[in-house]
Structure formats: structure tokens, C-alpha cells
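So the chains spell out like this:
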Amino acid sequence: QQQVKQSPQSLIVQKGGISIINCAYENTAFDYFPWYQQFPGKGPALLIAIRPDVSEKKEGRFTISFNKSAKQFSLHIMDSQPGDSATYFCAAKDTSGRGSQGNLIFGKGTKLSVKP
Amino acid sequence: EPEVTQTPSHQVTQMGQEVILRCVPISNHLYFYWYRQILGQKVEFLVSFYNNEISEKSEIFDDQFSVERPDGSNFTLKIRSTKLEDSAMYFCASSEIGVETQYFGPGTRLLVL
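Below you will find a few notes about this structure. Each chain has its residues counted from 1, following the order in which its sequence is written. Each chain takes a letter, starting from A, and each ligand takes a number, starting from 1, following the order in which they are written. Reporting of local features is limited, given that this is a predicted model, to residues whose pLDDT is at least 70; pairs of side-chain atoms are given and counted only at 80 or more, and all residues count toward the totals for whole chains, interfaces and linings. To obtain the side-chain values, all non-hydrogen atoms of the structure were used and water was disregarded.

A look at the overall build of chain A
Quick reminder of the rule: Helix and strand definitions here come from DSSP, where helices need a minimum of 4 consecutive H or I residues and strands a minimum of 2 consecutive E residues; each element is numbered from the N-terminal end. As defined in this context, the radius of gyration uses C-alpha atoms, and a globule is described by 2.2 Å times the residue total to the power 0.38.
Regarding its fold elements, chain A presents zero helices and 11 strands. When the helices and strands of chain A are placed in sequence order, the string is β-β-β-β-β-β-β-β-β-β-β. Here the C-alpha atoms of chain A give a radius of gyration of 14 Å, agreeing with the 13 Å that 2.2 N^0.38 yields for 116 residues. On the principal axes, the C-alpha backbone points of chain A span a range of 45 × 30 × 20 Å.

Given below as C-alpha cells:
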């Protein structure tokens, strides 16, 4: 119940194409779903995030689609660029513990390579 | 733009030794976290800290680990007696109260030999 399942493990996309990464969760106590981008040797950086009362959120070329009934959410990167090549992690905030702020449960990550 | 900073960037230690990893959270943030990432694997939550006490901890955060805010700016993670399996990248993160966004530092790569 504490897992966030992410797929695919790796993804190769041509420049200009659409990159799609999917995540699924089981715990209904999750109430915030961020996506993080990580470049080699760097810490995860917040890319975009969504709450479950919204089905879609778009920021520039990045869109999160959220399906609350299916407990699934996905990241779409439109017009993918070589500079988007990085590892992407989906995450979910777990508020079931005693801490008021919750903590993040991460997926296993997707290594995206965008070919020129 | 304010950033979370971490020192050292790399640390090599012998098994059984104590290590202290240091973090300076963003100045107006009051919630602090430690996560770890074993090479090639996902980021895992260790502990969260608020108001000078542990707010939440995972199963990974056993008695070998401790956290402290020794002064108004630093937040530390101590591993008392390191094991080979403690080798990982350790990330510090911070957030404002009531705001979900967690900002991560660049990490400390710990290698236990």
C-alpha cells in the first residue's frame, strides 16, 4: 500500500516527440503527487505537481494527467528536447503517519533519453 | 533563488566509523527531511524533523541514525556505526509549513568501505 509503481524504467524518444511516463498507487491517503527531474550527480528538482481534485495540470511543455478512480497519474512531455534527458521520478505524499506535513514516497524512476 | 546546500559532496569512510552529513535548509523553511538513494534505485524517505523533534521516520531510520539541528541554520544526519549497505546518496530537503513542495539539496555521496 505504500508503493508508487512507475513505468517504463527507461524511455528513448526522438527530438520533438512526446514522452509519456506512468505511475500508479494504491494508498488513498496520498493527497499530493509531484514529479521530480534529476540530472546525474544532482538532487531531484520539482518539475510539476498535482492534487487529486484536479484531472490535469499543464505547465509549458509538461502536463500531468490524473485519474483518481484508477489511482493513476502520468507525465507527458510535449516537443521533447535533448535537454530533457534525465531521470524522472513520480512521487506521492503520504499523510497517514503522525507527521502533519507527510513524507514523499517515490517511484523507481524513468531514465529518459531524447535523441537529436 | 534560495537553495538547500549539503556538505560534504562526497565522503568515504571505513565500516564501523561514525559520519555526520550536514545540510543548510532554505532559511524560512521549518520542516526538514533526509532521504537516501542507493545507486540506481529510487529515492527513499528516512526522517522528517520539525520543531526540534522527529516528526516521522521510516523503517530504515533505525537506532544507528540520528538527526539534530545544532544551531539556527544547520541540520545534520549522523550515522553512528556505518555499514557497507549505508553506501548511498543522501539528500536533505526542506519545506515551508503547510506547503507540500519539498526542495532537495544536491546530495552527499557516502561510500562505506
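So, next bit.
Examining a nonpolar patch on the surface
As a reminder of what qualifies: Candidates for patches are residues over 30% relative accessible area with no salt bridge; among them, like charges are joined within 9 Å and nonpolar side chains (Val, Leu, Ile, Met, Phe, Trp, Tyr) within 5 Å. Accessible areas in this description were obtained via Shrake-Rupley with a 1.4 Å probe; residue shielding takes into account the shown protein chains only. Here, a salt bridge means any Lys or Arg side-chain nitrogen found within 4 Å of an Asp or Glu carboxyl oxygen.
Taken together, the side chains of Ile-18, Ile-20 and Met-78 of chain A present a nonpolar region at the surface, about 240 Å² in accessible area. Structurally, Met-78 of chain A can be placed in the loop between β8 (72–77) and β9 (86–94).

As for the pairing of strand β1 (residues 4–7) of chain A
Residues and elements named next belong to chain A. This is how it is decided: Accessible area is worked out with a 1.4 Å probe on protein chains only. A residue is then buried under 20% of its type maximum, exposed over 50%, and partly exposed in between. When DSSP locates at least two bridges between a pair of strands, those strands are taken to pair.
Residues Val-4 and Gln-6 of β1 are buried on one face, while the alternating residues Lys-5 and Ser-7, pointing to the opposite face, are not. Two strands pair when backbone bridges link them, and β1 and strand β3 (residues 19–25) are joined in this way by four bridges, in the antiparallel orientation. Each residue of the ladder has a partner; that of Gln-6, found in β3, is Cys-23.

Here we look at the sheet that holds strand β3 (residues 19–24) of chain B
Residues and elements named next belong to chain B. Threshold: Lines fitted to C-alpha atoms define the axes here, with helix axes fitted over just the stretch in contact, and angles between the N-to-C directions of these axes take values from 0 to 180 degrees.
The four strands lie next to each other as β1-β3-β8-β7, forming an open sheet whose pairing is antiparallel. In this open sheet, the two strands that pair with only one neighbour each are β1 (5–7) and β7 (65–68). The average angle at which neighbouring strand axes cross in this sheet is 20°, direction not considered.

What about the environment of Gly-109 of chain A?
Residue and element names in this part refer to chain A. The criterion, for reference: Whether two residues are in contact is decided by their heavy atoms, any of which lying within 4.5 Å being enough.
Tracing the backbone through its elements, the reader meets Gly-109 in the loop between β10 (103–106) and β11 (110–115). Residue classification places Gly-109 among the buried residues on the basis of a relative accessible area of 6%. Sequence-wise, Gly-109 and Val-13 are 96 residues apart; in three dimensions their C-alpha atoms are separated by 16 Å. Setting aside residues no more than four positions away along its own chain, Gly-109 makes contact with Gln-6, Pro-8, Gln-9, Thr-87, Tyr-88 and Phe-89.

Re the interface of chain B and chain A
Put simply, the rule reads: Here the quantity called buried area is the accessible surface, traced with a 1.4 Å probe, that two parts lose on coming together, added over both. Under the rule applied, a polar contact is a pair of N or O atoms within 3.5 Å (in protein, one hydrogen donor and one hydrogen acceptor; residues adjacent in sequence only if both atoms are side-chain atoms).
Across the contact, 23 residues belong to chain B and 22 residues belong to chain A. Interface of chain B and chain A: buried area, both sides summed, is about 1900 Å²; carbon and sulfur atoms make up 51% of it. Inspection of the chain B/chain A interface yields two salt bridges. Linking Glu-100 of chain B and Lys-93 of chain A is a salt bridge whose minimum nitrogen-to-oxygen distance equals 3.8 Å. There are five residue pairs in polar contact (both at pLDDT 80 or more) connecting chain B and chain A.

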